[in-house]
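Secondary and tertiary structure notes
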Amino acid sequence: MLISVIIPCYNEELVINETYKRLCDVMQKLPHSYELIFINDGSKDGTLPILQDLATKNSNVKVLDFSRNFGHQCAVTAGLNNCRGDVAVIIDSDLQDPPEVIVEMLEIMQHEQVNVVYGVRKKRKGESWFKLVTAKMFYRILNRLSDVKFPLDTGDFRMIDRKVIDQFNRLDETNKYIRGLIAWMGFKQAPCYYEREARFAGETKYPFKKMLKFALIGLFYFSKKPLNMATSLGFASIALGLLYLLWVLISMIFSLGHTVTGWTSTIMLIVFFGGVQLLTIGVLGKYIGNLFDEVKGRPEYIINEKINFDK
Ligand code: UDP
Ligand code: MG
């Protein structure tokens with residue numbers, strides 16, 4: 001059996017060597033052959049030379065070098081598209097997902113005869129309270145809004161078998177929310193609980209902006225409820241408007257109001273309805289933007305060079 005390990009790397013010069021060592025230790029102990037597929041996602045530091053060096057020393061190390069930074073999900077996609085394993089493991093390069101857990105995942109996969117073993121974070125060390133709180137909230141909200149049920153507190157760290165890899169490679173969405181897509185695919189899936197470590201070195205490559213973009217793709221690609229909410233908001237504001245109109249008419253007919261009271265209510269109306277309209281247009285815009293991305297059908301990534309892959 002061949003195990004492919006998929007490791008996306010973006011500016012990870014401080015951790016790659018250690019990650020390689022820890023992965024090799026784990027993989028060499030298993031009675032299976034393995035390939036380590038490192039994806040250099042347009043790093044601007046010394047990541048690529050380190051990877052090239054590892055690839056010359058060890059032919060199990062394969063490298064996909066992107067022409068620029070395309071993002072974490074594209075890097076994982078490229079790895080899955082190019083791996084030959086009977087099973088594949090998706091793992092972060094910063095050692096937050098301990099490589100030793102792979103052994104456990106394999107046991108669960110073989111023992112329980114499942115197609116997917118997904119890592120569930122029991123604890124997350126070395127992460128800001130802001131990230132912990134927003135992540136927790138996000139996964140729970142997404143679950144409410146989506147028709148697919150996603151396992152909670154689960155990232156991309158997981159083991160999938162050839163059936164799932166092949167089905168994944170058929171998906172041609174441009175913006176992929178991989179953890180969601182694999183849950184959506186079905187098959188037999190089982191959890192593997194682990195403690196998420198602090199990053200080995202360097203800093204997170206997911207600043208708030210990227211996190212938000214990623215979360216919105218998860219939300220808008222797996223739920224149409226925001227569109228319905230926009231409609232509900234529209235109805236609510238019409239109802240409010242009608243009530244207000246009624247009040248204005250009554251107070252005009254029976255001369256209840258004073259002559260200069262108009263200002264406050266006018267501003268209130270403008271602010272309220274303006275807000276509702278902008279929000280609604282914003283939601284529509286997001287969906288149209290996503291449609292635009294998908295319709296263009298551009299490749300998700302461009303590979304500059306493949307190292308150690310057979311022709
Ligand atoms: N990553 C990537 N491209 C990017 C951002 C991140 O390939 O544009 C990789 C990164 O090198 C790491 C993984 O994705 O292996 C997860 O990123 P990170 O650890 O920075 O995210 P966090 O764990 O802080 O959420
Ligand atoms: Mg990390």
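Check the entry above for the structure.
Residues numbered from 1 in each chain as written. Chains lettered and ligands numbered in written order. Predicted model: local features only at pLDDT ≥ 70, side-chain atom pairs only at ≥ 80, totals over all residues. Heavy atoms only, no water.

**A closer look at the overall build of the protein chain**
- Within the protein chain, the secondary structure is distributed over ten helices and eight strands.
- Over its C-alpha atoms the protein chain spans a radius of gyration of 25 Å, topping by over 25% the 19 Å that the globule rule assigns to 311 residues.
- Overall, the C-alpha framework of the protein chain stretches about 90 × 40 × 40 Å when taken along its three principal axes.
- The burial tally for the protein chain puts 47% of its 311 residues in the buried class.
- Counting only contacts in the protein chain whose residues sit at least 6 apart along the sequence, the fraction spanning at least 24 positions is 83%.
- Side chains of the protein chain give 38 positive and 33 negative charges; the mean places of these two sets differ by 5 Å. (Helix = DSSP H or I, 4+ residues; strand = E, 2+ residues; numbered from the N terminus. Rg over C-alpha atoms; globule rule 2.2 N^0.38 Å. Buried < 20%, exposed > 50% of the residue type's maximum accessible area, 1.4 Å probe, protein only. Contact = heavy atoms within 4.5 Å. Lys, Arg positive; Asp, Glu negative; His and termini not counted. Charge placed at Lys NZ, Arg CZ, Asp CG, Glu CD.)

**Some points on the coordination of the magnesium ion (ligand 2)**
- Distances from the magnesium ion (ligand 2) to its protein donors, Asp94 (OD) and Gln96 (OE1), fall at 1.9 to 2.0 Å.
- Judged by its relative accessible area of 6%, Gln96 is buried. (Donors = N, O, S within 2.8 Å, 3.2 Å for Na, K, Ca; no water.)

**Side note on the site of ligand 1**
- Around ligand 1 sit 19 residues in total, of which Glu12, Asp94, Gln96, Thr204 and Lys205 are the nearest.
- Ser93 has a polar side-chain atom sitting 2.7 Å from an oxygen atom of ligand 1.
- Between ligand 1 and Arg199, the relevant distance is 3.0 Å, taken from an oxygen atom to a side-chain nitrogen or oxygen of the residue.
- Taken by itself ligand 1 offers 530 Å² of open surface, and the protein chains cover 96% of this.
- Per-class residue counts for the shell around ligand 1 are four nonpolar, six polar and nine charged. (Near = heavy atom within 4 Å. Polar contact = N/O pair within 3.5 Å; in protein donor to acceptor, adjacent residues only side chain to side chain. Areas by Shrake-Rupley, 256 points an atom, 1.4 Å probe, with all protein chains shown as cover. Nonpolar A, V, L, I, M, F, W, Y, C, P; charged D, E, K, R; others polar.)

**Let's talk about the packing of helix α6 (residues 162–170) against helix α7 (residues 178–185)**
- Put simply, α6 and α7 touch, their axes get as near as 11 Å, and they point 115° apart. As for how α6 packs across α7, the hand of that crossing is right-handed. Where α6 abuts α7, its residues Val164, Gln167 and Phe168 lie against Ile178, Ile182 and Met185.
- Tallied by class, residues from the contact of α6 with α7 come to five nonpolar, one polar and no charged. (Axes fitted to C-alpha atoms, helices over the stretch in contact; angles between N-to-C directions. Left-handed = near helix turned anticlockwise from the far one by under 90°.)

**Here we look at the state of the cysteines**
- Overall, the coordinates contain zero disulfides when judged by the stated rule.
- In this structure Cys24 is not part of a disulfide, and its nearest cysteine sulfur, from Cys9, lies 13 Å away.
- The closest cysteine sulfur to the non-disulfide-bonded Cys74 is located on Cys9, 15 Å from its own sulfur.
- Take Cys74: its relative accessible area is 13%, and that puts it in the buried class. (Disulfide = S-S within 2.5 Å.)

**Here we look at empty space enclosed by the protein**
- Overall, the coordinates contain one cavity of 30 Å³ or more when judged by the stated rule.
- The calculated volume of the largest cavity comes to roughly 70 Å³.
- Taken together, Tyr139, Leu142, Phe150, Pro151, Thr154, Arg158, Tyr177 and Arg179 make up the lining of the largest cavity.
- When contributions to the lining of the largest cavity are tallied by element, the ones reaching two or more residues are α5 (129–145) and β6 (154–161).
- A class-by-class count of the residues in the lining of the largest cavity yields five nonpolar, one polar and two charged. (1 Å grid on protein atoms, 1.4 Å probe; cavity = no way out; pocket = protein on both sides within 12 Å on 5 of 7 lines; lining within 4 Å. Points joined across faces, edges and corners; volume = space filled by probe spheres on them.)

**A closer look at the sheet that holds strand β8 (residues 303–307)**
- On the basis of which strands lie adjacent, the open sheet formed by eight strands has the order β7-β5-β6-β4-β1-β2-β3-β8 and mixed pairing. Each edge of the open sheet is held by one strand with a lone partner, namely β7 (189–196) and β8. Pairs of neighbouring strands in the sheet enclose a mean axial angle of 20°, with direction left out of account. (Pairing = 2+ DSSP bridges.)

**Details of helix α9 (residues 225–253)**
- Over its 29 residues, α9 extends 42 Å from the first C-alpha to the last, a length consistent with the 42 Å expected when each residue adds 1.5 Å.
- Taken as a whole, α9 has its buried residues at Pro226, Ala230, Ser237 and Ser251.
- The elements touched by buried residues of α9 are α8 (208–222) and α10 (262–296).
- Ser255 lies just past α9 and shows a positive phi near 45°. (Expected span 1.5 Å × (residues − 1).)

**Quick notes on the side chain of Ser43**
- Tracing the chain through its elements places Ser43 in the loop between β2 (33–40) and α2 (47–57).
- A polar side-chain atom of Ser43 sits 2.8 Å from the main-chain amide nitrogen of Asn11.
- Residues within four places of Ser43 in sequence aside, it is in contact with Cys9, Tyr10 and Asn11.

**Details of the environment of Arg196**
- Considering the arrangement of structural elements, one finds Arg196 in strand β7.
- Judged by its relative accessible area of 6%, Arg196 is buried.
- Placed 114 residues apart in sequence, Arg196 and Asp310 show a C-alpha to C-alpha distance of 35 Å.
- Other than its neighbours up to four places away in sequence, Arg196 contacts Asp92, Gln96, Asp97, Arg121, Lys123, Arg124, Lys125 and Glu127.
- Among the polar contacts made by the side chain of Arg196, one reaches the side chain of Asp92 at a distance of 3.4 Å.

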